[in-house]
Amino acid sequence: MTDLLSRLSAATGPSRELDAEIALANGWTHNIYDRPTFKDPSGQPHALPPRYTESIDAALTLMPEGCTWEITTGFEARVWPNKTAWPSCGGAESTPAIALVIAIHKAKEESK
């Protein structure tokens, strides 16, 4: 996961390659036989994973239940596991969605 976070921090914009890595890190699978197909954690097939690095709505699907979040004007994101815990931060990133994905993944790692 650390390598993925480093790559997300270095991203200069949305990336379908990073979207696929994010999906795989979050329980999706990828079948390269016959035709490339991704399956979400429930087993539902998709031609491609969500656009996590482009869409805040897609990034929010990764959010653990009960978390609070915010994105500042400088594209810095914070995710709180609960309203009293210190937030996990995604630094000033190239897109709000990337900042949010980083903060979500940091929050998940810290809660383990």
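Residues numbered from 1 in each chain as written. Predicted model: local features only at pLDDT ≥ 70, side-chain atom pairs only at ≥ 80, totals over all residues. Heavy atoms only, no water.

Enquirer: Report on the side chain of Asn26, specifying residues and quantitative values.
Expert: Tracing the chain through its elements places Asn26 in the loop between α2 (16-25) and β1 (29-31). A relative accessible area of 18% places Asn26 in the buried class. Other than its neighbours up to four places away in sequence, Asn26 contacts Pro41, Leu62, His105 and Lys108. (Helix = DSSP H or I, 4+ residues; strand = E, 2+ residues; numbered from the N terminus. Buried < 20%, exposed > 50% of the residue type's maximum accessible area, 1.4 Å probe, protein only. Contact = heavy atoms within 4.5 Å.)

Enquirer: An account of the packing of helix α1 (residues 2-10) against α2 is requested, with residue identities and associated values reported.
Expert: One can describe the packing of α1 onto α2 by two numbers: an axis separation of 11 Å at closest approach and a directional angle of 150 degrees. Judged by the inter-axis angle, α1 sits roughly antiparallel to α2. Both α1 and α2 take part in a crossing whose hand is left-handed. For the pair α1 and α2, contact is made by Leu4, Arg7 and Leu8 and by Glu17, Leu18, Glu21, Ile22 and Ala25, respectively. Residues of the contact of α1 with α2, tallied by class, amount to five nonpolar, no polar and three charged. (Axes fitted to C-alpha atoms, helices over the stretch in contact; angles between N-to-C directions. Parallel < 35°, antiparallel > 145°, perpendicular 65-115°, else oblique. Left-handed = near helix turned anticlockwise from the far one by under 90°. Nonpolar A, V, L, I, M, F, W, Y, C, P; charged D, E, K, R; others polar.)

Enquirer: Requested: an account of the sheet that holds β1, with residues and values cited.
Expert: Pairing in this open sheet of three strands is antiparallel, and the strands run β1-β2-β3 from one edge to the other. Whereas interior strands pair on both sides, the edge strands pair on one side only; in this sheet they are β1 and β3 (45-46). Sheet topology places strand β2 (residues 37-39) next to β3; two bridges connect them, and they run antiparallel. Bridging from a neighbouring strand, Phe38 pairs with His46 of β3. (Pairing = 2+ DSSP bridges.)

Enquirer: Tell me about the environment of Ala77, residues and numbers included.
Expert: The residue Ala77 is located in strand β5 (residues 77-80) in this model. Through-space distance from the C-alpha of Ala77 to that of Ile102 is 8.0 Å; in sequence the pair is 25 residues apart.

Enquirer: Help me get a handle on the packing of α1 against helix α4 (residues 96-110), residues and values and all.
Expert: Contact geometry of α1 with α4 gives a least axis separation of 10 Å together with a crossing angle of 160 degrees. In terms of orientation, α1 lies roughly antiparallel with respect to α4. The hand of the α1/α4 crossing is left-handed. Between α1 and α4, the contacting residues are Thr2, Leu5, Leu8 and Ser9 on the first element and Ile98, Val101, Ile102, His105, Lys106 and Glu109 on the second. Each residue belonging to the contact of α1 with α4 can be placed in one class, and the counts come to five nonpolar, three polar and two charged.

Enquirer: Go over the nonpolar core with me, naming the residues and quoting the values.
Expert: Core analysis: the largest hydrophobic core is formed by 26 residues, its most contacted members being Leu8, Ile22, Tyr52, Val79, Leu100 and Val101. Put simply, the parts of the chain that give this core at least two residues each are α1, α2, α3 (56-60), β5 and α4. Apart from the residues within four sequence positions on either side, Ile22 is in contact with Leu4, Leu8, Tyr52, Thr53, Leu62, Val101 and His105. (Core = buried A, V, L, I, M, F, W, Y, C linked by side-chain atoms within 4.5 Å.)

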